[in-house]
Structure formats: structure tokens, C-alpha cells
Amino acid sequence: MKKPIHWIILGGLLVAVVALRALASSSETTAMTPRASEEWSRGQFIGHTPVKQPVTLQPAPDGGAFLVWPNLDGQLELAHMGVDGEVLLDRVLPVEAVKARDPQLVVGLEGRLHLLWREQSGPHAGVHYAMLEADGTPVGQPQALSDPVGRIGGPPRLARDAKGRLHALWADDAGIHWAVLDSEGRMVREPALVIPGGRSPLVQVDSGGRLHLVWQQEARINTRSVHYAALDPEKGALGDPEEIAEILLTDRLQLEDVAFGLSEDTGYVLWSEYDEGFDRYLFPYASFSLDAPQQKQTSLWHLKVGDGPTAISSLQGQYTPLPVAISERVTDLGQELAHYLISNESAVASGEELQLQIALITVGTVGIEQDE
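Definitions and cut-offs
- Residues numbered from 1 in each chain as written.
- Predicted model: local features only at pLDDT ≥ 70, side-chain atom pairs only at ≥ 80, totals over all residues.
- Heavy atoms only, no water.
- Helix = DSSP H or I, 4+ residues; strand = E, 2+ residues; numbered from the N terminus.
- Buried < 20%, exposed > 50% of the residue type's maximum accessible area, 1.4 Å probe, protein only.
- Phe/Tyr/Trp six-rings, centres within 6.5 Å; stacked < 30°, edge-to-face > 60°.
- Pairing = 2+ DSSP bridges.
- Axes fitted to C-alpha atoms, helices over the stretch in contact; angles between N-to-C directions.
- Polar contact = N/O pair within 3.5 Å; in protein donor to acceptor, adjacent residues only side chain to side chain.
- Core = buried A, V, L, I, M, F, W, Y, C linked by side-chain atoms within 4.5 Å.
- Contact = heavy atoms within 4.5 Å.

(A) Representation of the environment of Val324. Summarising the element assignment, Val324 is placed in strand β26 (residues 322–331). Judged by relative accessible area, Val324 falls into the buried class, the value being 0%. For the pair Val324 and Phe260, spaced 64 residues apart in the sequence, the C-alpha separation amounts to 9.5 Å.

See below:
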């Protein structure tokens, strides 16, 4: 049985994203060093978040980063980290949030912050949007985007296109809904049901402004299918959905996480399965041409170091090769891996110490490589 990990928001998360962006801007693999160097800022405590509620992080115009997370009181908290990892701002956001979950953050072309989150329960349950100044001051009034009677399932998603428009997606009992706001936070396309029966949406926006969607559906009893389709935001037309994978789930086999990334001409869907009986993970991924998704290819990848992934995250946008961050378990963590630590708690299995590390992998035309 897996032991729940109480995630602690560390400055090390900023380090991982900085490294991820560096990989995205260069075709050369950056060699990791077994000890801290000047390129790595010192990790520092910022705040707490409930179990399995990771922080959302976006690069700031000044070269630092903005972080948003739900604190233990259910409120949303914002931090602005400087280039060297110093805390420039840390405040609870003055937006009405009682039991906030799954915040999504986008930095607009003008430097303002666009925030999407869901309220889990109470009179304000549903998906909410707010626009903020860089210091967290609200601009205008927050908006409720979802139908108040719909039960929201899973995190909403927020993406910005090249014109500065914001695309919000979320799932409820009816399926996946889509709404568009302009750069000033004004609604320009009212929420509409675009994928009946869909759940757990993921979205990427390509350089031409098209939206690429990946979602899950209940195919049969104990079976989850993963689908892909492109969405034309101008016409509001969804292309023909293509089933990318079919995953058999049992009391023993669980779906841990699904991620979606784009290169210039290829889509990648990566997911993690956990076999509770053998306490092991499977790491399949599928690749397909954006022009011919029906010609998908699926492979199973084995990590060079560690066991997992327990979580997967890809950059927004198109990158060749595509950098992806994963969280994985490691045993007997040595000094050479100490700079990867993201948790101060450990699980013990079979007398060995289990801890978590962040790893960066590169998905390219010839498969996946793990950067150590």
C-alpha cells in the first residue's frame, strides 16, 4: 500500500522549472551535477498545501516565477520568487475562496495574472476565474464560469493563445466545457459543452492558435480510454476524436497521472499506471503525427533511475525535443541525488527508505531520454 505524501512547497520546485525551460531552449542536454552549484538556488520553505495539491507555477516577466497554491485554510496563496530564489511577495489572495482546489495560472501578455480554480463545495462550488495585478490585487470582479448545479470533476485547465485570449476547460457530469476570455478577462465565447461524456481535459495551444485536447472517457466497466482531437477556436469546431489508448483498471491496477505535450509536428501522451499488488509502476507513452493521429505508436519506457512516475508534467507550447518533468520514487537516496529532493517525508517499504525526486526527461523523435 502506498503511503500518502504530504507535499511541501519548496524553492526546489522553482529549480526544476528553470532547468526545464533551459532544456526547452537548447537542443543540448544539460549535465546534472551531484552537488549544489551556483546555477541552483537554495531551497526554502514557502508554505503548506493539502495532500496531493501541488503548486501551480508560471515564469514571471522579470525572470523569476509566480506560484499559487491552496493553503490549509482553503484559501489561495500567491508567491513571487526572484531570479535567485528569493521571496519577493507572499500573500493570501483577496478572492472569495472557501475550499479552493486545483488553481491554474497564466501570465498574460501585459504581465497580469489570470487565475482559474474550482471550489470543491459550498454555495460557491464550481469553476471560478479572476484577473490579478502582479502583486495579487484583483482587477475587476471574479467570475463563476461553470453551471452552479454541475458537479466539477478534476482540475480545470487554462491556456493562453498567441493573441492573448484565454481558453478555460473543465469537466462536469455532462462532459467537457470550453469558454474563451479576452486579455482583459471579458467573456468572448460563452461556456459550451464540446465533449459530451469527457473528463480530465488536458490542453495545448500550437503556434497557429489551434487547441489540441486530450481527455479520458469511461469506455466500459473498469476501462478508461484516452482520446485526442484538435479544436478550431475561431469556428468552435472539434475535429474527429481519435482513441489514443485504452487502459484496463482493476482493484489492483490504478491510473496515476496523464500528461500531454507537443513538439512541432507530434503529439505525446504519457501516463503512469500503478500495480498495487507488486508495488510497481508502468510508464507507457503514445506518439502521433498532429496531421494523422490515427497513426499512433505506443511504447513502454523504463526509468534509468527510480520507480514511477508518480506524477508527470509537460511545458505549455511546442518544443522539439519535448522536455517533461516527472516525480519518481528512489530507495537509499545517495548524495549524488540529493539535489532532486522535493519532500521531507519518507515512506518505508521492505526495510528500505523511499523518497521522491524530480527528474527531467526529453521526448524526441527516437524515444525518451532521462537526464540525470
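(B) Representation of the packing of aromatic side chains in the model. Taken as a whole, this structure holds 4 aromatic pairs when the rule is applied. Here Tyr274 and Tyr281 contribute two aromatic rings whose centre-to-centre distance is 4.8 Å and whose plane-to-plane angle is 45 degrees, an arrangement assigned as tilted. In this structure, Tyr274 and Tyr281 share a single accessibility class: buried. Their ring planes at 65 degrees and their centres at 5.4 Å tell us that Phe283 and Trp301 sit as a pair that is edge-to-face. In this pair, Phe283 is assigned in the loop between β22 (280–282) and β23 (284–289) and Trp301 in the loop between β24 (292–300) and β25 (307–314), connecting sequence segments 18 residues apart.

(C) Representation of the sheet that holds strand β10 (residues 138–144). Taken in spatial order, the 4 strands line up as β7-β8-β9-β10 in an open sheet, and their pairing is antiparallel. If you trace the sheet from one side to the other, it starts and ends with β7 (100–107) and β10, each paired once. This sheet shows a mean twist of 15 degrees between the axes of neighbouring strands, independent of strand direction. For β7 and strand β8 (residues 113–119), the ladder comprises 6 bridges, and the chain directions are antiparallel. Its bridge partner lying in β8, Gln104 is registered against Leu116.

(D) Inspection of the sheet that holds strand β12 (residues 166–172) at higher detail. Pairing in this open sheet of 4 strands is antiparallel, and the strands run β11-β12-β13-β14 from one edge to the other. Of all strands in the sheet, those bounded by a partner on one side alone are β11 (157–160) and β14 (187–196). Strand-to-strand twist of the sheet, defined as the mean angle between neighbouring strand axes without regard to direction, takes the value 20 degrees. Across 6 bridges, the pairing between strand β13 (residues 175–181) and β14 is antiparallel. Paired with His177 across the bridge in β14 is Leu193.

(E) Structural detail: the side chain of Gln318. Turning to its location among the elements, Gln318 is positioned in the loop between β25 and β26. A distance of 3.0 Å separates a polar side-chain atom of Gln318 from the backbone oxygen of Ser263.

(F) Focus on the nonpolar core. Val214, Tyr228, Phe260, Val269, Trp271 and Phe288 are the most contacted members of the largest nonpolar core, which has 18 residues in total. Listed by contribution, the elements that provide at least two residues to this core are β17 (223–232), β19 (242–248), β20 (253–262), β21 (266–275) and β23. Counting residues per element, this core draws most heavily on β20, which supplies 4 residues. Val214 has contacts with Ser200, Pro201, Leu202, Val226, His227, Tyr228, Phe260 and Val269, leaving out every residue within four places of it along the chain. The next biggest cluster of nonpolar side chains, apart from the first, holds 16 residues, and it includes Ala60, Leu76, Leu93 and Leu105.

(G) Spotlight on unusual backbone geometry. Here the bond from Gly308 into Pro309 is cis, since omega is 10 degrees, no more than 30 degrees from zero. Along the chain, the position of Pro309 falls in strand β25. Phi is positive for Ser200, close to 50 degrees, though the residue is something other than glycine. For Ser200, the location among the structural elements is in strand β15 (residues 199–205). Its identity as a non-glycine residue notwithstanding, Asp279 has a phi of 50 degrees, on the positive side. Position of Asp279 relative to the elements: it lies in the loop between β21 and β22.

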